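# Examining the three-dimensional arrangement
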Amino acid sequence: MTEPTLLGYPISLLFLYFLWYSFLGWLMETCWCSFFKGRFVARGFLKGPICPIYGIGILMMVLFFTGLMGYPVVFYLVSTVTLSAWEYFVGWLLEVTTHTRYWDYSQKRFNLHGRIRLDYCLFWGVAAYIVLYFIQPATERLFARIPLLTRQALAIAAAAVTLVDIVTTIRSLAMTTMLMEKAKAINAEMDRRRGELSQSGRQKLDEARLQAALLQLELKETDLLADAAHYSARFRHRYDHLVSQRYHSLLTRIREESSPLKAHRLARLADLKARKQKKKEANRKQ
């Protein structure tokens, strides 16, 4: 049975190329970030040691721009523009789908909407040149030694593992977004209750009841933030400069210790209930 091909490349071979360059991109970015942070930082969204943004970017170069390798200057310019556009698109897509910016170059010179910056754009062209002129020929020779059935089996197994990783990652992102939306709605309700509480003196409302309701909302918000902290832990650890206009205050709260915050709110609620009980007992005695 003949294996399907894409622009002359077998699909299984292209997938192994994708994984290989995704791993090299992960390795480069992890070493870079770990060096500057002084600690090991495994980059990337997936649990596995791959960054698909690099794998897809290099595959585009291999599939569509190999014919430009005889013209180094043109190849460099095309690679720089293409990979920069790809980085911009991925940054935009993540912002639209998760309402969060995972990298932000807004404070750097010569940036475009904080998603790409000039010095990195120029580097992508150099990286593409190194990969296609030096690494890709060696990669082709290495992978050519793998028997066809072995290569196909490796590709299928790796695809299954990668698919599971992608599904679990998407679930974590979706759960984080859902929990943040719920916490945001509770925040709005808390603001409304605080407004009622501030008017309780003049309107002779039950202040204790409003305080109890507000604390219940605060506890519910704390639980939601704790769950959001759980699902977003991997992303926050790997991208410690997350920016979100939609969830700015909530992200700040998540970075704090949720356990002490919950303990403090529970203590406040218990104290309020105790005071309310004492007030009832005093009223009975009268």
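The rules behind the values
Residues numbered from 1 in each chain as written. Predicted model: local features only at pLDDT ≥ 70, side-chain atom pairs only at ≥ 80, totals over all residues. Heavy atoms only, no water. Core = buried A, V, L, I, M, F, W, Y, C linked by side-chain atoms within 4.5 Å. Buried < 20%, exposed > 50% of the residue type's maximum accessible area, 1.4 Å probe, protein only. Helix = DSSP H or I, 4+ residues; strand = E, 2+ residues; numbered from the N terminus. Contact = heavy atoms within 4.5 Å. pLDDT = per-residue confidence, 0-100. Expected span 1.5 Å × (residues − 1). Patch = residues over 30% accessible without salt bridge, like charges linked within 9 Å, V, L, I, M, F, W, Y side chains within 5 Å. Areas by Shrake-Rupley, 256 points an atom, 1.4 Å probe, with all protein chains shown as cover. Salt bridge = Lys/Arg side-chain N within 4 Å of Asp/Glu carboxyl O.

### Let's talk about the nonpolar core
Ranked by size, the top nonpolar core spans 29 residues in total, and within it Tyr9, Leu14, Tyr17, Ile58, Met61 and Leu132 carry the most contacts. When contributions to this core are tallied by element, the ones reaching two or more residues are α1 (11-37), α2 (52-64), α3 (72-98), α4 (118-144) and α5 (148-198). Among the elements that make up this core, the one with the highest residue count is α1 (8 residues). Each residue touching Ile58, except ones within four places of it in the same chain, is listed here: Tyr21, Val131 and Leu132.

### What to know about the confidence of the model for the protein
In the predicted model, the protein carries a mean pLDDT of 83, and the fraction of residues at 70 or more is 82%. Model confidence for the protein, summarised as mean pLDDT per element, is weakest for helix α6 (residues 200-203) at 52 and strongest for strand β4 (residues 116-117) at 96.

### A few points about α2
Between its first and last C-alpha, α2 extends 18 Å over 13 residues, near the 18 Å set by a 1.5 Å rise per residue. Of the residues making up α2, those classed as buried are Tyr54, Gly55, Gly57, Ile58, Leu59, Met61, Val62 and Leu63. Residues of α2 that are buried in the fold lie against β1 (5-6), β2 (9-10), α1, α3 and α4.

### Some remarks on a nonpolar patch on the surface
Together, Met28, Phe123, Val126, Ile130 and Phe134 make up an exposed nonpolar region whose accessible area comes to about 450 Å². In terms of residue count, α4 provides more of the nonpolar patch than any other element does, 4 residues in total. Summarising the element assignment, Ile130 is placed in helix α4.

### Re the environment of Ala155
On the secondary structure map, Ala155 appears in helix α5. Here Ala155 falls in the buried class, since its relative accessible area comes to 7%. Distance from Ala155 to Leu19, taken between C-alpha atoms, is 9.2 Å for residues 136 residues apart in sequence. When sequence neighbours within four positions are dropped, the list of residues in contact with Ala155 reads Ser12, Phe15 and Leu16.

### What to know about the environment of Ala270
Among the structural elements, Ala270 can be located in helix α9 (residues 258-285). Given a relative accessible area of 46%, Ala270 falls into the partly exposed group. Considering only alpha carbons, one finds Ala270 and Leu215, 55 residues apart in sequence, at a separation of 10.0 Å.

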